[in-house]
Amino acid sequence: MNSNEIDIHKELKKYFGFSQFKGLQEQVIKSLLNKQNTFVIMPTGGGKSLCYQLPALVQEGTAIVVSPLIALMKNQVDAIRSLSSESGIAHVLNSSLTKTEIAQVKKDITSGLTKLLYVAPESLTKEENVNFLKNVTISFVAIDEAHCISEWGHDFRPEYRNLKNIIKQLGDVPVIGLTATATPKVQEDILKNLDMCDATTFKASFNRPNLYYEVRTKTKNIESDIIRFIKQHKGKSGIIYCLSRKKVEAIAQVLQVNGISAVPYHAGLDAKTRARHQDMFLMEDVDVVVATIAFGMGIDKPDVRFVIHHDIPKSLESYYQETGRAGRDGGEGHCLAYYSYKDVEKLEKFMSGKPVAEQEIGFALLQEVVAYAETSMSRRKFLLHYFGEEFDSETGEGADMDDNVRNPKAKVEAQNQVVK
Ligand code: ADP
Ligand code: MG
């Protein structure tokens, strides 16, 4: 079966209830249905899951979906099951299953009922599982969060490096890799390590025209500066990112004392408190959450109006991801980062305990953040250039949405020109 024989618009409506594809989805789906290796780079929220879910549902056999997070896999399986009367249509295969459960999963796959099988990379490397999968019909393999394969990505998982060999054992099945990480280095790594340099690549724009980017020099008055900023955005939802748990607690307290409703969020809090604080933010019982980077994965609050970085992030990808949580609804999103070279040195010191190779990567990524903070050019152009995307800083969408463009730094006049 190829893409010409399947009415994918009809299937989209039937399974997902949507009447239109989003962005590049249609092209991606056609490529995969034509059995081509396919590589998808789309920002978070772009609709990557549907790019493999729909082809899996309309084809014979089972699609294997590799994903690094058990919680995300469970969500997706539940969502797919809700589209069908057969719960066996989607399964997760991981080490937490009982023998009986595993037997059921295998039965459903063998009978052709299961269209999507979600697996963690470590489960896929188990010989027993590989041997089983070699003998059933696999429609394709999807590698979600494919940047996990690269040391240059923000979430390197060594187990992703084994995937290439396992996929080879499954025979001639198409592979689709998907990521929201757009740097050319990571992309190259993905294609190389998945052995799919022949893949058709689909890359969406990473421009977020409604986000305003600003960098302020960090001074000892940072706390009152932040308070002033929040008071100017009274009643609006915002996130403040800090590097350390201690700082998170301190800033949350300062805000509370100053009459701003804020809660802390970091991995040092127990799970119950974390969940409560997250819910309070989502339900708008508080305006501000002060957090380490532990906060944000899977948070989908459309009307976050500002994201403040109290400390600079360790890479521009992290910065893009974290600021990307602002203005999801297309409305205002102010992204403010405080920058001081002392923080850079702190981060460098932090890294000095790590293996040399990791350190080198860490330093290089950090230098890009420094360059971003210190640039006098359009910040949007800078960010997009980092992601391998050309941006016209005069006519591009959102071109005037940053501090450098709105208030160009006065050219420093040469001091010694006038000789008396
Ligand atoms: P990503 O993995 O790229 O971050 P998701 O696959 O989680 O994005 O999708 C983000 C959101 O977009 C989901 O709520 C999904 O239901 C929605 N979505 C995906 N495709 C469409 C579409 N064609 N029309 C409307 N909404 C869509
Ligand atoms: Mg996704």
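Quantities reported herein were computed from a predicted structural model and do not represent experimental measurements. (Residues numbered from 1 in each chain as written. Chains lettered and ligands numbered in written order. Predicted model: local features only at pLDDT ≥ 70, side-chain atom pairs only at ≥ 80, totals over all residues.)

**What about the overall build of the protein chain?**
1) Next: When you go through the protein chain residue by residue, the secondary structure sums to 17 helices and 13 strands.
2) Next: Projected onto its principal axes, the C-alpha coordinates of the protein chain cover approximately 85 × 50 × 45 Å.
3) Next: Of all 420 residues assigned to the protein chain, the portion counted as buried reaches 38%. (Helix = DSSP H or I, 4+ residues; strand = E, 2+ residues; numbered from the N terminus. Buried ≥ 20, exposed ≤ 12 C-beta atoms within 10 Å, placed from the backbone.)

**Details of the site of ligand 1**
1) Next: In the region of ligand 1, 13 residues are neighbours, and Phe18, Lys22, Gly47, Lys48 and Ser49 sit closest.
2) Next: Among the residues forming the shell around ligand 1, the class breakdown is four nonpolar, seven polar and two charged. (Near = placed C-beta within 6 Å. Nonpolar A, V, L, I, M, F, W, Y, C, P; charged D, E, K, R; others polar.)

**As for the sheet that holds strand E6 (residues 175-179)**
1) Next: Taken together, seven strands build an open sheet; the order of strands is E3-E4-E2-E5-E6-E1-E7 and the sheet is parallel. Looking along the sheet, the strands with just one partner apiece sit at the ends: strand E3 (90-93) and strand E7 (200-203). Each strand axis lies, on average, 20° off the axis of its neighbour in the sheet, ignoring direction.
2) Next: Bridge analysis of strand E1 (residues 38-41) against E7 gives four bridges, and the strand direction is parallel. Pairing of Phe39 across the sheet is with Thr201, part of E7.
3) Next: Most of the contacts of helix H3 (residues 48-58) go to E6, to which it runs at about 160°, and overall it touches E1, strand E2 (62-66), strand E4 (116-119), strand E5 (138-143) and E6. (Pairing = 2+ DSSP bridges. Axes fitted to C-alpha atoms, helices over the stretch in contact; angles between N-to-C directions. Contact = placed C-beta atoms within 7 Å.)

**Topic: the sheet that holds strand E8 (residues 211-217)**
1) Next: One open sheet accounts for six strands, arranged E8-E13-E12-E9-E11-E10; its pairing is parallel. Of all the strands in the sheet, just E8 and strand E10 (262-265) have a single pairing partner and so form its edges. Strand-to-strand, the axes of this sheet are offset by a mean angle of 15°, without reference to chain direction.
2) Next: In this fold helix H11 (residues 245-257) packs onto strand E9 (237-241), E10 and strand E11 (288-291), with an angle of close to 175° to the strand it touches most, E10.

**Quick notes on the nonpolar core**
1) Next: Ala142, Val289 and Val290 are the most contacted members of the largest nonpolar core, which has 104 residues in total.
2) Next: Ranked by the residues each element gives to this core, the list is headed by H3, at six residues.
3) Next: When sequence neighbours within four positions are dropped, the list of residues in contact with Val290 reads Ile240, Cys242, Val248, Ile251, Ala252, Leu255, Ala262 and Pro264. (Core = buried A, V, L, I, M, F, W, Y, C linked by C-beta atoms within 7 Å.)

**Description of the packing of helix H14 (residues 341-351) against helix H15 (residues 356-374)**
1) Next: Between H14 and H15, whose axes approach to 10 Å, the crossing angle comes to 170°. When the interaxial angle is binned, H14 and H15 end up roughly antiparallel. Residues Val344, Leu347, Glu348 and Met351 of H14 touch H15, and the partners they reach there are Gln359, Gly362, Phe363, Leu366 and Val370. (Parallel < 35°, antiparallel > 145°, perpendicular 65-115°, else oblique.)

**Here's the deal with the environment of His9**
1) Next: You can see His9 is positioned in helix H1 (residues 8-16).
2) Next: With 82 residues separating them in the primary sequence, His9 and His91 have C-alpha atoms 25 Å apart.

**Some remarks on the packing of H1 against H3**
1) Next: Following both chains from N to C, one finds H1 and H3 inclined at 100°, their axes separated by 11 Å at the closest point. Classified by the angle between their axes, H1 and H3 sit roughly perpendicular to one another. When H1 is examined against H3, the residues Ile8, Glu11, Leu12, Tyr15 and Phe16 are found in contact with a partner set consisting of Leu50, Leu54, Leu57 and Val58.
2) Next: Residues of the contact of H1 with H3, tallied by class, amount to eight nonpolar, no polar and one charged.

**A word on unusual backbone geometry**
1) Next: In the Ramachandran plot, Lys35 falls in the positive-phi region, its phi being about 65° despite a non-glycine side chain.
2) Next: Inspection of the secondary structure assignment puts Lys35 in the loop between helix H2 (25-33) and E1.

**Description of the pairing of E6**
1) Next: Taking burial as the measure, the five residues of E6 include five buried ones, the bulk of the element.
2) Next: Along E6, one buried face is formed by Val175, Gly177 and Thr179 and the opposite face, lined by Ile176 and Leu178, is buried too.
3) Next: Note that E1 and E6 share four bridges and pair parallel. Counted as the bridge partner of Ile41 is Thr179 from E6.
4) Next: Relative to E6, E5 is paired through three bridges, and the arrangement is parallel. Looking at the pairing, Ile143 lines up with Gly177 of E6.
5) Next: What joins E5 to E6 is helix H8 (residues 163-169), and the crossover it makes is right-handed. (Right-handed = clockwise from strand over helix to strand, strands pointing away.)

**Notes on the pairing of E3**
1) Next: Of the two faces of E3, the one holding Ala90 and Val92 and the one holding His91 and Leu93 are both buried throughout.
2) Next: As defined by bridge partners, E3 adjoins E4 across four bridges and the pair is classed as parallel. Among the inter-strand pairings, His91 is bridged to a residue of E4, identified as Leu117.
3) Next: Handedness of the E3-helix H5 (residues 99-110)-E4 crossover: right-handed.

**Looking at the environment of Ala294**
1) Next: Relative to the helices and strands, Ala294 is located in the loop between E11 and strand E12 (304-309).
2) Next: Distance from Ala294 to Glu345, taken between C-alpha atoms, is 22 Å for residues 51 residues apart in sequence.
3) Next: Sequence-distant contacts of Ala294, defined by excluding residues within four places in its chain, comprise Tyr265, His266 and Ala267.

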